[in-house]
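Coordinate inspection notes
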Amino acid sequence: AMAEVPVLGAIVRVVTFRDYTYDDGYRSADISVPELAGGAAAQEVSEQVRAYTDRLIARFEETCEEELGKEGYHGLDVTSTVVTDTDEWFTLRVDAVEIQASGYEFSRFYHINKANDQVVTLKDLFREDADYVTVLSDEVRRQMEERMAENTEASYFPEEFTAIGPEQNFYFNTDGDLVLVFDEYTIAPGSMGMPEFTIPSDVYETLLKK
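Every chain begins its residue count from 1, and numbering advances along the sequence as written. This being a predicted model, a pLDDT of at least 70 is required before a residue's local features are given, and a value of 80 or more before pairs of side-chain atoms are given or counted; all residues contribute to the totals for chains, interfaces and linings. Note: side-chain values were computed over all heavy atoms of the structure, leaving out hydrogens and water.

Things to note about the overall build of the protein
Our working rule: Counting from the N terminus, the helices are DSSP H or I runs at least four residues long and the strands are E runs at least two residues long. We call a residue buried when its accessible area falls under 20% of the maximum for its residue type, exposed when it is over 50%, and partly exposed in between, using a 1.4 Å probe and counting protein chains only.
Each helix and strand counted, the protein has three helices and ten strands in total. Reading the protein from its N end, one meets helices and strands in the order β-β-β-α-β-β-β-β-α-β-β-β-α. Referenced to the eigenvectors of the C-alpha coordinate spread, the extents of the protein come out at roughly 55 × 45 × 25 Å. Taking all 210 residues of the protein together, the buried fraction comes to 42%.

And the structure:
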């Protein structure tokens, strides 16, 4: 299914090039896979998103074969959202919800620096000699403990959290603040959903590339 969406920026736009659906009464999937059109970075992100969602579909289909003839529901839903679209920056968020006995929500964020037509990951924001992993991880742990101290219903795993990963999810909010996002169950119980931590710029600004 091809559907053109209005141009979202000077370089990047989004089209939906494939919808995948499946439903046999016990297992169902509803996946809308986005494709970016524009420069080389848009093409690179499209390939990354396609590869990622292809892996999700393959895993779902393998599970369907393994569970053939068995009762019990298994569902997979994948959607996408444009989080940021400015003259200089574009962020696409791909959300997935997998249900099998219990639900599991996870996301991936894809970023394009429109100014230089480059795909950007978290490490690309910082100088090569900067220990941004330790600095950001310490701030996340500090905020976990602060939230639990202020709210008895808040629950995290600060002792089990060692550091952010090499593919740490992030985005910039409308105020331009760096926000780190964690998949469900990774640093907190499922009741906490997908925790997000807004990192004050004074924590990391000296580590940024100039």
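Moving on from the coordinates now.
Description of the packing of aromatic side chains
Here is the rule we go by: Between 30 and 60 degrees the pair is tilted, below 30 it is stacked and above 60 it is edge-to-face, where a pair is any two Phe, Tyr or Trp rings, Trp via its six-membered ring, whose centres lie within 6.5 Å.
What the rule picks out here adds up to eleven aromatic pairs. Pairing Trp89 with Phe172 gives two aromatic rings, centres 5.5 Å apart and planes at 80°, and the pair type is edge-to-face. With Trp89 in strand E5 (residues 89–100) and Phe172 in strand E8 (residues 169–172), this residue pair connects regions lying 83 residues apart in the sequence. Where Phe161 meets Phe182, the ring centres are 5.9 Å apart and the plane angle is 85°; that geometry is what we call edge-to-face. Here the residue Phe161 occupies a position in the loop between helix H2 (132–150) and E8, and Phe182 occupies one in the loop between strand E9 (178–181) and strand E10 (196–199), the gap between them amounting to 21 residues.

Some remarks on unusual backbone geometry
Residue Asp117 is not a glycine yet carries a positive backbone phi of 55°. Among the secondary structure elements, Asp117 is positioned in the loop between strand E6 (102–113) and strand E7 (118–120). Overall, the relative accessible area of 24% leaves Asp117 in the partly exposed class. Here Tyr185, not a glycine, exhibits a phi torsion of approximately 80°, which is positive. Looking at the secondary structure, you find Tyr185 in the loop between E9 and E10.

Here we look at H2
Stated formally: To estimate the expected span of a helix, count its residues, drop one, and scale the result by 1.5 Å. Contacts are assigned to residue pairs with any non-hydrogen atoms lying within 4.5 Å of each other.
For H2, built from 19 residues, the straight-helix expectation of 27 Å at 1.5 Å per residue is met to within 8% by its first-to-last C-alpha distance of 27 Å. Every buried residue belonging to H2 is among Tyr132, Leu136, Ser137, Glu139, Val140, Arg141, Gln143 and Met144, and all of these are buried. Taken together, the buried residues of H2 touch E9, E10 and helix H3 (201–204).

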